[in-house]
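# Fold and geometry: a report
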Amino acid sequence: MVVTRRDFLKSSITVGGGALANSFLFGGLETLVKADPLRLAAIDEKWIPTTCWIGKQDCGMLARVIDGRVIGYEGNPAHPRNRGTLCPKGVAQITSLYDPNRVHGPLVRTNEKGVSGTWRQISWDEALELVGSRMAEVIAKDPGRLIWQKGRSKAKSFYDKAFVKTAGATKLHHGAFCSDAGYRALEYTVGMHAVLSPDFRYTDRIISWGWNVTSGGGNKMCWLTWPQELVDAKERGVQMVSIDPRQRSAAHFADEWMPIRPGTDLALALALCNVLIDSDTIDREYLSKYTNSPFLVQGNGFFLRAEPDGDDDEGKPLVWDQASNSAQPWDADGVESALEGEFTVDGAAVKPSFQLFKEHVADKTPAWAAEITGLPASQIAQLGQMISDHANIGGTIEIDGMTLPYRPVGIMAYHMAQQELGFQALRGMLMVAMLIGSMGAVGGTLSDFTWKVHKNWKGLDNISITDSPNLYLNKSAFWPINSNNSSLVAKVVVDPEKYGVAPKELPEMVLLHHVNPLGSFPDRDANVKAYETFNFVVAIDPWLSLTADLYADVVLPAATIEKYEGPMSAGTMYEDAKAMRVPPMKPMFDSRGDIDIYLDLTEAAGLLYDEGGYLDRLNSELKLKDTFALPLDVKPTAREILDRWSLSQDLDGGIEFFEQGEAIQYKGELSAAKRYGYATDPPFGGAYPHRFYGESLLGYQLEMKDLGVDKIYWQDYTPFPIWRDLTLESSPSEFDLYMTSYHMIEFKQSRTLSPLVRELSPTMFMEINTDTAQALGIADGDEVKVESQNALTGETRSITTRASLRQGIRPDTVAMPHHYGDFTVHPWVTGRGPTPNSLFFTGEGYVTNTADQTYLVKVRVEKA
Amino acid sequence: MPKYGMVIDLSRCTGCRACMVACKVENNTPQENFWMHVFRFEDGTYPDTRVRFMPRPCMHCENPPCVDACPTGARFTREDGLVATDFETCIGSRYCQAACPYGVNYFNFDEPSGRYYLDWDNTVVPPYANPSLDVPYGEEQLKVAGGGKARGVIEKCTFCVHRVEDGRLPACAAVCPTNAIHFGDLDDPNSEVSKLLAESESFRLMHRFGTKPKVHYINGKAPRTGMVEIEQVGGY
C-alpha cells in the first residue's frame with residue numbers, strides 16, 4: 001500500500017490506513033507522547049512496499065520515499081519470511097542503490113582480456129545491437145554453445161525458463177556450491193528437493209548439523225527466517241545440539257557443542273545408527289511400509305524380484321512375508337514383511353536390506369566413530385541416547401484434524417553437505433531420521449516447505465550413463481548423479497578430452513547474469529583458465545564483477561531493487577505467500593530492470609516475437625490465461641507482463657494489487673496436510689518406498705567400472721553409505737590443518753556491496769585455535785601465510801591473511817568466511833584480502849558422487 | 001508522561017548487528033561511530049567455550065553522569081526520560097565522554113565524513129535527505145535527532161527521538177530480526193517492557209555506579225573479566 005502521511009492523517013489508525021499504517025507509520029510504540037501534526041504534515045513521505053533484492057529469500061520491505069527518492073527500508077510485517085524485520089544486509093542496501101561505483105551505462109571493452117578492463121560507455125541501442133547480433137550468430141550455429149548463467153535466481157520464469165528455452169542456451173547453475181550434494185541425496189532417497197530442516201514449531205530436540213541455523217540461512221532461506229524460528233523454539237524449551245568444528249556457528253543457542261573433525265559427518269551418522277539399532281529405537285512400521293528396507297537383497301547386491309510382467313517391467317521387488325513364510329511382492333495385500341533375518345528363496349540366500357544395514361553398522365560404534373570424528377565416544381553415545389529418548393516411536397499427535405506420527409527430534413543441515421562424501425553423509429543422516437521414522441513426521445525432520453516430489457525422485461534412479469557427456473558431464477560415467485558445477489565445467493573446458501567431451505560442446509558465448517564465477521566460485525584457477533577460452537562474454541550486472549572486469553566484452557548495467565520483478569515465493573514452512581518486487585523509484589543511472597533487458601536482448605537477437613519467441617514462452621512459463629496472454633507482436637514492459645500475470649491469478653487490480661497493497665499476496669497458513677510426508681494423500685506424495693537401500697547406486701557403480709573410469713569416481717556409488725578415509729588425508733603430513741569456510745552474515749551475499757557492512761568487518765581473517773596459533777608463534781592479528789595442497793595432483797595454492805585466535809574452534813582446523821574478498825572491482829572491496837575460494841580444489845579427490853564442490857582442504861599455516 | 005526504556009533479551013540476540021547498521025542508516029552517523037554497538041565475546045577455553053553477545057546503546061540513565069558533567073546544558077534529560085544532546089549548545093568539552101562509564105559518546109574530531117548513508121558525491125548521485133533529522137523536537141524544540149552534524153561536538157544514541165515522537169520504535173528495536181530489543185514505557189505496568197521485566201531476571205550494566213540505566217537486560221549474563229572480544233567492529 002502506498003501510504004502518505006497526509007492520507008494517514010486524514011484517516012484513523014483503525015480504518016483506511018489499515019494494518020500497515022498502524023504498524024509502520026505510527027506503529028510499534030505503545031505510548032505516544034506527542035506527535036506534532038504540523039511536523040508530520042510537513043514531511044511529504046510515501047511508504048512503497050517492495051521486496052529485498054539481495055538474498056535468496058526475498059524479504060518484504062517498505063521503502064520510505066521522499067521527493068521521489070528512497071531514503072531507507074524497514075521490514076514489511078505482512079511478509080511471513082521476515083515479519084517486519086530486516087537483516088544487516090537488508091538495511092545496508094540503501095547504499096547499493098545510490099552507489100556511485102555502479103556501472104552507469106552499457107560498456108564495451110577497449111583492451112585485451114585477462115587484465116583489468118578499460119571501457120567505452122556506449123548507448124543501449126549500440127550495446128543491444130552488438131550483443132543481439134552476436135547471440136543470433138551463435139544460436140544459428142549451435143544454441144547449446146551459448147552459455148547462460150545466473151547468480152541468485154529471482155523470477156525464474158523470465159530467465160531460467162522462458163529465456164533459456166527461447167535461446168536454446170546451455171544453462172549452468174548458480175553454483176552447485178552451497179548444498180547440492182544434500183539436494184541430490186534427498187531427491188534420491190526421499191524425493192524432496194531441499195536439504196534438512198527440523199519442524200521447529202513442534203520439535204523438542206534440534207540437531208544443528210553444520211553452521212547454517214544461525215549464521216548461514218540454510219535450507220531454502222538466505223538467513224533471517226531460521227534464526228527467528230530457532231529463538232522461538234528455544235523459548236519453548238527446545239534443546240539444541242550443535243555439530244560443527246566451530247563454536248561460533250550456532251553456539252549461542254546450543255545446549256551441547258560437538259566439535260567434529262571436518263568431513264567426518266558420515267562416520268558420526270553411522271555411529272548414531274549403531275546406537276539407535278542397538279537400543280532398538282526403530283520405527284518398524286515406517287520402515288516396513290514406506291522404505292525399501294524389507295526388500296530382499298541377493299548376494300550380488302540387487303533386489304530379488306518377482307517375474308517381470310511384460311517387457312517394460314523389471315519385476316516387483318520381493319519381501320519376506322512372515323505370515324506365509326514366503327517371498328511376496330513388497331506391496332502385496334496383507335504382507336507382513338520381515339526387516340531382519342536370512343531367508344532362502346529358490347535355493348538362494350537373501351536378506352532384507354535392513355538386516356544388511358544392521359550388519360553394516362554393527363561395528364560402527366561410538367568408539368569407532370570417536371577415532372574418526374575426534375569427538376569423545378561418550379558424547380556420540382549421549383547424542384544417540386538423546387535421539388532415542390525423544391524419538392517417541394509409535395507416538396502420534398492430533399494436528400489440523402489428522403492423527404499423525406509425532407517424532408520430535410529434527411535435524412537441520414544444509415551447507416555441511418559440501419564435503420567429499422557429502423552425498424553419502426547426507427544419506428547417512430537421512431538414515432538416522434529414517435530409523436526413527438521422523439522424515440516427514442510432526443516435530444521431526446522436514447525438507448521442502450511442502451511435501452512436493454521432485455522429478456529427480458525418478459530421474460536419479462534411472463540414469464542412462466552416457467560416454468559422450470555434455471559440458472557439465474551430466475549423466476557421465478564420472479559423476480552420473482550431477483549437480484551442474486560450473487567450476488567443473490571450467491575443468492572440462494580446459495581439458496575436454498579427459499572427460500570425453502566433444503569440442504562442439506564447448507562454449508562460444510557466455511551470458512552472465514548477476515554472477516561472478518571468478519570471485520564467487522572456488523577453484524578460481526580453473527575458472528580463469530576457462531574464461532581465457534571464451535570468445536564473447538556479456539555481463540548483466542549493476543557492478544563490474546571481477547569476471548566482467550577481466551573477461552567481459554560488454555557489460556549491461558542492471559538495476560538493483562528499482563525494477564519490477566517477480567513473482568517470487570514468500571512462503572515459509574508454515575505460511576504461504578507470493579511476493580513482487582515493485583520499484584520504489586526509477587532506475588538509477590542508465591540502468592534497466594532485468595526483465596526489460598531480456599525483452600531488449602531477445603528483440604535484438606530476433607527472438608522476441610512470434611511463435612516460439614520469448615513472448616510466447618513467457619505466456620506458457622507464467623501460465624497466463626488466454627484472456628491475459630501477451631500478444632506475440634507487441635513488445636510489453638515488465639510491468640505490463642506482471643500485470644497480466646496478476647490478472648491471470650485473479651488478483652483484483654492486476655499489478656496494482658501489489659503496488660497498492662503490500663507487495664505480497666498472502667495465502668494463509670500452510671496446512672499440515674501439505675507439510676508432513678505422512679499427511680499427504682498418498683503419503684510422501686506417492687514417492688515411496690524411500691530408498692533406504694540405494695540399489696541403483698550399485699547399478700551405476702557397475703556401469704562406471706564397465707566404462708573404465710577410475711576407482712576414485714565409482715568407489716562411493718554404494719547402496720549404503722560407507723565411511724572411508726578422505727582423499728585429502730593423503731596430503732603430506734606438513735599440511736597438518738583442515739581449512740574450511742563458512743558464511744558470515746556481514747558478507748554472506750556478494751550483492752551486499754556496502755560500505756556500511758564493510759565498516760563492521762573490513763578485512764578478511766582466519767579463525768585458528770589459540771593453542772595451535774601459539775605453537776606456531778602466531779599472535780592475534782598476525783599476518784599468516786596459508787598454503788593448501790591438492791592430495792592427488794600435488795598442486796599447492798597460497799594466500800596471506802590475518803589470524804583471529806579463538807578458543808571455540810578445533811585445534812586441527814582453521815576457517816575463513818567465504819564469498820568474501822576481492823570479488824569485484826570496487827573501492828569498497830579492494831584491499832579486503834583474499835577469498836578462501838582460492839585455496840579449494842574442484843573435482844577428483846574433492847568431490848565424489850554428485851559433481852559439486854568441497855569446502856575442505858588440508859593446509860599449512862605459518863607466520864607471514 | 002511515559003518513561004521510555006529498553007529491555008534487551010540476550011537469549012534472543014544472535015549478534016547479527018542489524019541494529020548497528022539500522023542505527024547508522026537512520027541517524028546518518030559518521031564513520032566508526034556506532035551509537036548502537038553489539039559486542040561479540042568468547043567465554044571459556046576449548047572445548048568448554050561459549051559465544052555471547054551484548055548490544056549496547058546509550059543507557060539513557062535516570063541519573064545520567066553526562067548531564068551533570070556537561071558545562072553548558074547541551075546534554076539534558078527530556079520529560080520522557082530520553083537523554084538528548086543539543087549540538088548547537090555543545091562546546092565539545094567532552095566532559096560527558098569522561099563521565100559516562102558506558103563509552104557511548106562519540107566526539108567529532110573532524111568535520112563528519114564517511115556518512116555513507118547520505119553523503120554522496122552529488123555530481124554523480126542525485127541528492128536526497130531524511131527531513132526527519134533536521135527538524136526540532138520536544139518541549140525544548142531543539143534539533144536533537146540524527147548525527148554527523150558538526151565538527152567539535154559530541155553525539156550519541158538518541159533512542160531515535162524523531163521516531164519515538166512519531167510513535168515509532170527506535171530503528172534498532174524495529175529492525176531486530178529476532179525481536180531481542182524491546183522499547184516502551186517503563187512506568188506503564190501494562191507495557192511490553194514492564195511485563196518482560198516483571199517476568200524475567202534482569203540486570204543493568206554498571207548499575208553500582210548509581211546511574212540507574214533505563215536499558216535492562218534479561219535472560220543473560222553481563223560480560224565479565226576473562227571474556228575475549230571477537231570479530232571486533234573495524235577488524236584488524
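Scoring rules and cut-offs
Residues numbered from 1 in each chain as written. Chains lettered and ligands numbered in written order. Predicted model: local features only at pLDDT ≥ 70, side-chain atom pairs only at ≥ 80, totals over all residues. Helix = DSSP H or I, 4+ residues; strand = E, 2+ residues; numbered from the N terminus. Rg over C-alpha atoms; globule rule 2.2 N^0.38 Å. Contact = placed C-beta atoms within 7 Å. Buried ≥ 20, exposed ≤ 12 C-beta atoms within 10 Å, placed from the backbone. Pairing = 2+ DSSP bridges. Axes fitted to C-alpha atoms, helices over the stretch in contact; angles between N-to-C directions. pLDDT = per-residue confidence, 0-100. Core = buried A, V, L, I, M, F, W, Y, C linked by C-beta atoms within 7 Å. Right-handed = clockwise from strand over helix to strand, strands pointing away. Arc of directions from axis to C-beta. Parallel < 35°, antiparallel > 145°, perpendicular 65-115°, else oblique. Left-handed = near helix turned anticlockwise from the far one by under 90°. Nonpolar A, V, L, I, M, F, W, Y, C, P; charged D, E, K, R; others polar.

Counting its regular elements, chain A contains 30 helices and 33 strands. Relative to its length of 864 residues, chain A is compact, with a C-alpha radius of gyration of 28 Å against a globular reference of 29 Å. Along the first, second and third principal axes, the C-alpha set of chain A runs to 85 × 65 × 65 Å. Of all intrachain contacts in chain A linking residues separated by at least 6 positions in sequence, the fraction that spans at least 24 positions is 69%.

Counting secondary structure elements, chain B contains six helices and eleven strands. Expected size for 236 residues packed as a compact globule is a radius of gyration near 18 Å; at 18 Å, chain B falls within 12% of this value. For chain B, the residues scored as buried account for 52% of the 236 residues in total. Contacts in chain B between residues at least 24 apart in sequence constitute 64% of all its contacts with a sequence separation of at least 6.

Attention shifts here to the sheet that holds strand β3 (residues 48-56) of chain B. Residue and element names in this part refer to chain B. In spatial order, the strands read β3-β2-β11; together these three strands make up an open sheet with antiparallel pairing. Every interior strand has two partners, whereas the edge strands, β3 and β11 (228-229), have only one. In terms of strand pairing, strand β2 (residues 37-45) meets β11 through two bridges, oriented antiparallel. Each residue of the ladder has a partner; that of E42, found in β11, is V228.

Residues and elements named next belong to chain A. By the criterion of burial, helix α8 (residues 180-190) is predominantly enclosed, with eleven of the eleven residues buried. Restricting attention to buried positions, one finds in α8 the residues D180, A181, G182, Y183, R184, A185, L186, E187, Y188, T189 and V190. Positive phi shows up at G191, right after α8, with a value of about 85°.

Another point: the sheet that holds strand β16 (residues 343-345) of chain A. Residue and element names in this part refer to chain A. With antiparallel pairing, the three strands of this open sheet are ordered in space as β13-β17-β16. One side of each edge strand has no neighbouring strand; the edge strands of this open sheet are β13 (296-297) and β16. Relative to strand β17 (residues 348-352), β13 runs antiparallel, the two being bridged by two bridges. Residue pairing across strands places L296 opposite P352, the latter belonging to β17. Lying on the sheet, helix α13 (residues 353-361) is in contact with β13 and β17; it crosses β17 at an angle near 75°.

If you look at the interface, chain B gives 61 residues, while chain A gives 59 residues. Elements with a contribution of two residues or more to the side of chain B that touches chain A: α1 (18-27), β2, β3, α5 (171-175) and β8 (181-185) of chain B.

Moving on: the confidence of the model for chain A. Put simply, chain A has an average pLDDT of 92, and 95% of its residues get 70 or more. Across residues 3-26 of chain A, confidence stays below pLDDT 50; counting only partners more than four residues off in sequence or on other chains, it has 42 contacts.

Counting residues in hydrophobic clusters, the biggest one holds 339 residues, and the most contacted among them are A413 and M429 of chain A together with C19 of chain B. For M429 of chain A, the residues in contact, after removing those within four places along its chain, are L196, W209, A269, I411 and A413 of chain A.

Residue and element names in this part refer to chain A. Buried residues dominate strand β7 (residues 146-150), accounting for five of its five residues. The two faces of β7 match: L146, W148 and K150 on one face and I147 and Q149 on the other face are all buried. For β7 and strand β8 (residues 170-172), the ladder comprises three bridges, and the chain directions are parallel. By the bridge assignment, W148 is partnered in β8 with K171. On the question of chirality, the crossover connecting β7 to the parallel β8 by way of helix α7 (residues 157-167) is right-handed.

Residue and element names in this part refer to chain A. Those residues of α7 lying buried are F158, Y159, A162, F163, T166 and A167. For α7, the arc enclosing every buried residue in end-on projection is 120°, short of the 170-degree limit, so these residues lie on one face. A positive backbone phi angle near 70° is found at G168, which sits one or two residues after α7.

Geometrically, the link from D681 of chain A to P682 of chain A is a cis peptide bond, its omega value of 0° lying close to zero. Here P682 of chain A is to be found in the loop between α26 (672-675) and α27 (695-706). Cis geometry marks the peptide bond from Y46 of chain B to P47 of chain B; its omega dihedral reads -5°. Considering the arrangement of structural elements, one finds P47 of chain B in the loop between β2 and β3. Positive phi, close to 55°, is recorded for D280 of chain A, a residue that is not glycine.

Moving on, we come to the packing of helix α11 (residues 265-278) of chain A against helix α16 (residues 422-435) of chain A. Residue and element names in this part refer to chain A. Where α11 contacts α16, the two axes come as close as 8 Å, and the packing angle between them is 20°. Classified by the interaxial angle, the pair formed by α11 and α16 is roughly parallel. Judged by the twist between their axes, the crossing of α11 over α16 is left-handed. On the side of α11, the interface is formed by D265, L266, A269, L270, L272, C273, L276 and I277, while α16 contributes Q424, A425, G428, M429, M431, V432 and L435. In terms of residue class, the contact of α11 with α16 is built from twelve nonpolar, two polar and one charged.

This next bit is on the environment of S447 of chain A. All names here are of chain A. With respect to the helices and strands, S447 occurs in the loop between β21 (445-446) and α17 (456-459). According to the C-beta neighbour criterion, S447 is buried, with 28 such atoms within 10 Å. Here the alpha-carbon distance between S447 and M412, two residues 35 residues apart in the chain, equals 9.2 Å. In this structure S447 touches L186, M192, A194, V195, L196 and S197, once residues within four positions along its chain are discounted.

This paragraph deals with the pairing of β8 of chain B. All names here are of chain B. Of all the five residues making up β8, five are buried; the element is thus mostly covered by neighbouring parts of the structure. Here strand β1 (residues 4-9) runs beside β8; their pairing, made up of five bridges, is antiparallel. Directly across from M6, in β8, lies its bridge partner F183.

Here we take up the packing of α7 of chain A against helix α23 (residues 614-621) of chain A. Residues and elements named next belong to chain A. In contact at an axis separation of 9 Å, α7 and α23 are set at 130° when each is read in the N-to-C sense. Regarding the angle of α7 to α23, the classification is oblique. Relative to α23, the crossing made by α7 is right-handed. Along the contact surface, α7 presents S157, F158, K161, A162, F163, K165 and T166, while α23 presents Y614, R617, L618 and E621.

Below, the discussion takes up the environment of Y202 of chain A. Within the secondary structure, Y202 of chain A sits in the loop between β9 (197-198) and β10 (205-209). On a C-alpha basis, the gap between Y202 of chain A and G443 of chain A in space is 4.4 Å, while along the polypeptide they are 241 residues apart.

Turning our attention to the confidence of the model for chain B. In the predicted model, chain B carries a mean pLDDT of 94, and 100% of its residues have values of at least 70. Scoring the predicted complex yields pTM 0.95 and, for the interface, ipTM 0.96.

A few words now on the environment of Y693 of chain A. Residue and element names in this part refer to chain A. Within the secondary structure, Y693 sits in the loop between α26 and α27. Judged by local crowding, Y693 falls into the buried class, with 25 C-beta atoms found within 10 Å. Separated by 25 residues in the primary sequence, Y693 and T718 place their C-alpha atoms 9.0 Å from one another. Apart from residues lying up to four places away in sequence, Y693 is in contact with N292, S293, F295, V297, S353, P719 and F720.

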